[in-house]
Amino acid sequence: MTDRPSEHSTPNETSEASDFDKEILEALSAPTRPPSAESYFARDTFEALDIFRGILLEHSRFETLLQGLCEQAVAAVPGADMAGVTLLHHDSENPATAACSDARVVDVDTDQYDADEGPCLEAARTNRIVCVRIDEAAIRWPTFASAAEGIGVKSYLSAPLAVDSEHAGSLNIYSFDGDGFRDVDEVLVKMFVTAVEAAVWNSRHTEEAKQESAGLREAMRTRATIEQAKGILIAVRGISPEAAFAALAEQSPRENTRLAVLAARVVDSAVEGTRQHR
């Protein structure tokens, strides 16, 4: 059975129905496009990335780095209204907000700490990105959601932040917009976090390398002094190198003096004695 205009339809009604059907068919058959990159990465985003890059290159203090992370993450992520960084010891029940772009972040975070639940703690403890809207937050963390209801945050995005072996952490983005964050926002936040982790790692290992280098130089100087002291004992007592070292090793605890200090004293005494006999 074929469709045809009703015997009671007027020509105008048939034309309107045809136009309506045509509009629907054209809309359904039109190719869909994903949102353009420009809708996510506006000029503010790129400026924020440039500023944060400068902070990283300046080798700023850790506190300055975290503060810059919060401020530039808000500037870079569309829809972000405020941000904070949570840090906690792996074996501690006392998390803390180490930096924030807005004083209200402390209130949101404190509600999570008091309830021992929420996006920032979950991201830090599970090492996974957490992205939720207010309706899902109320289901997953009812105690926290109830306490934080008056602040007005409607979208949450938290990314794990690895600082060192003793701390877990998270970068937390908050929005008063109920539309939530997108996948591309998660990628952008993860990029910020990775940059901070790399900067902290490089800074820490650079400092460790300096300390190791200084320790090596000191060890070399100490060894040379001990060898000189051994040589003096060999000459004075007519003993073997092994016996000379044993004599130093035995005298060190007797005087409660480090071996290197004792060896230096032996060398200084020998030098002074040589001068007096000239």
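These remarks concern the structure in this document. (Residues numbered from 1 in each chain as written. Predicted model: local features only at pLDDT ≥ 70, side-chain atom pairs only at ≥ 80, totals over all residues. Heavy atoms only, no water.)

What follows concerns the nonpolar core. Counting residues in hydrophobic clusters, the biggest one holds 26 residues, and the most contacted among them are L66, L69, V85, L161, L171, I173 and V189. At the level of secondary structure, the elements contributing two or more residues to this core comprise α4 (62–76), β1 (82–89), β4 (155–160), β5 (167–175) and α9 (183–237). Here this core takes seven residues from α4, the largest share from any one element. Apart from the residues lying within four places of it in its own chain, the contact partners of L171 are L69, A73, G84, V85, L157, S158, A159, L161, V189, F192 and V193. (Core = buried A, V, L, I, M, F, W, Y, C linked by side-chain atoms within 4.5 Å. Buried < 20%, exposed > 50% of the residue type's maximum accessible area, 1.4 Å probe, protein only. Helix = DSSP H or I, 4+ residues; strand = E, 2+ residues; numbered from the N terminus. Contact = heavy atoms within 4.5 Å.)

Right, let's get into helix α5 (residues 104–115). Along its twelve residues, α5 runs 17 Å from first to last C-alpha, staying within 8% of the 16 Å computed at 1.5 Å per residue. Here α5 has its buried residues at V105, V108, D109, D111, Q112 and Y113. Residues of α5 that are buried make contact with β1, β2 (96–100), α6 (119–126), α8 (142–148), β4 and β5. Just downstream of α5, D116 is the residue with a positive phi angle, here 55 degrees. (Expected span 1.5 Å × (residues − 1).)

Let us look at the packing of aromatic side chains. The full count for this structure, using the stated rule, is two aromatic pairs. Relative to Y156, the ring of F144 lies with its centre 5.8 Å away and its plane at 70 degrees, an arrangement referred to as edge-to-face. Of this pair, F144 sits in helix α8 while Y156 sits in strand β4, placing them twelve residues apart in sequence. The pair F144 / Y156 is uniform in exposure class, with both members buried. Ring geometry for Y156 versus Y174: centroids 5.6 Å apart, planes at 85 degrees, classification edge-to-face. Within this pair, whereas Y156 is found in strand β4, its partner Y174 is found in strand β5, the two being separated by 18 residues in sequence. Classification of Y156 as buried rests on a relative accessible area of 2%. Clustering of aromatic rings is evident, with ring pairs tying together F144, Y156 and Y174. (Phe/Tyr/Trp six-rings, centres within 6.5 Å; stacked < 30°, edge-to-face > 60°.)

Looking now at the pattern of salt bridges. Here the idea is simple: oppositely charged side chains can pair when their charged atoms come close. Applying the stated criterion across every chain, the model contains seven salt bridges. Close ionic contact of E122 with R140 constitutes a salt bridge, the shortest N to O distance being 2.4 Å. Linking E122 in helix α6 with R140 in helix α7 (residues 134–140), this pair joins segments that are 18 residues apart in sequence. The exposure class assigned to E122 is partly exposed, which follows from its relative accessible area of 24%. Residues E227 and K230 are paired through a salt bridge, measuring 3.5 Å at the closest nitrogen-oxygen approach. One end of the pair, E227, and the other, K230, are both in helix α9, three residues apart, so they sit about a helical turn from each other. Owing to a relative accessible area of 42%, E227 belongs among the partly exposed residues under this scheme. Bridged by salt links that share partners, the residues E122, E136 and R140 form one connected network. (Salt bridge = Lys/Arg side-chain N within 4 Å of Asp/Glu carboxyl O.)

On to the sheet that holds strand β3 (residues 130–133). Sheets are built from strands that pair by backbone hydrogen bonding, the pairs being arranged parallel or antiparallel. Ordered in space as β2-β1-β5-β4-β3, the five strands form an open sheet in which the pairing is antiparallel. Of all the strands in the sheet, the pair left with one neighbour each is β2 and β3. Put simply, the sheet's adjacent strands are angled 20 degrees from each other on average, direction ignored. Of the strand pairs in this sheet, β1 and β5 are connected by eight bridges, and their pairing is antiparallel. The residue bridging G84 from the neighbouring strand is N172, located in β5. Sheet strands touched by α5: β1, β2, β4 and β5. Its angle to β1, the strand with the most contacts, is close to 40 degrees. (Pairing = 2+ DSSP bridges. Axes fitted to C-alpha atoms, helices over the stretch in contact; angles between N-to-C directions.)

Looking now at the pairing of β3. Because side chains alternate across β3, one face comprises the buried residues V130 and V132, and the other comprises C131 and R133, none of which is buried. Direction of pairing for β3 relative to β4: antiparallel, over a ladder of four bridges. Bridging across to β4, V132 finds its partner in Y156.

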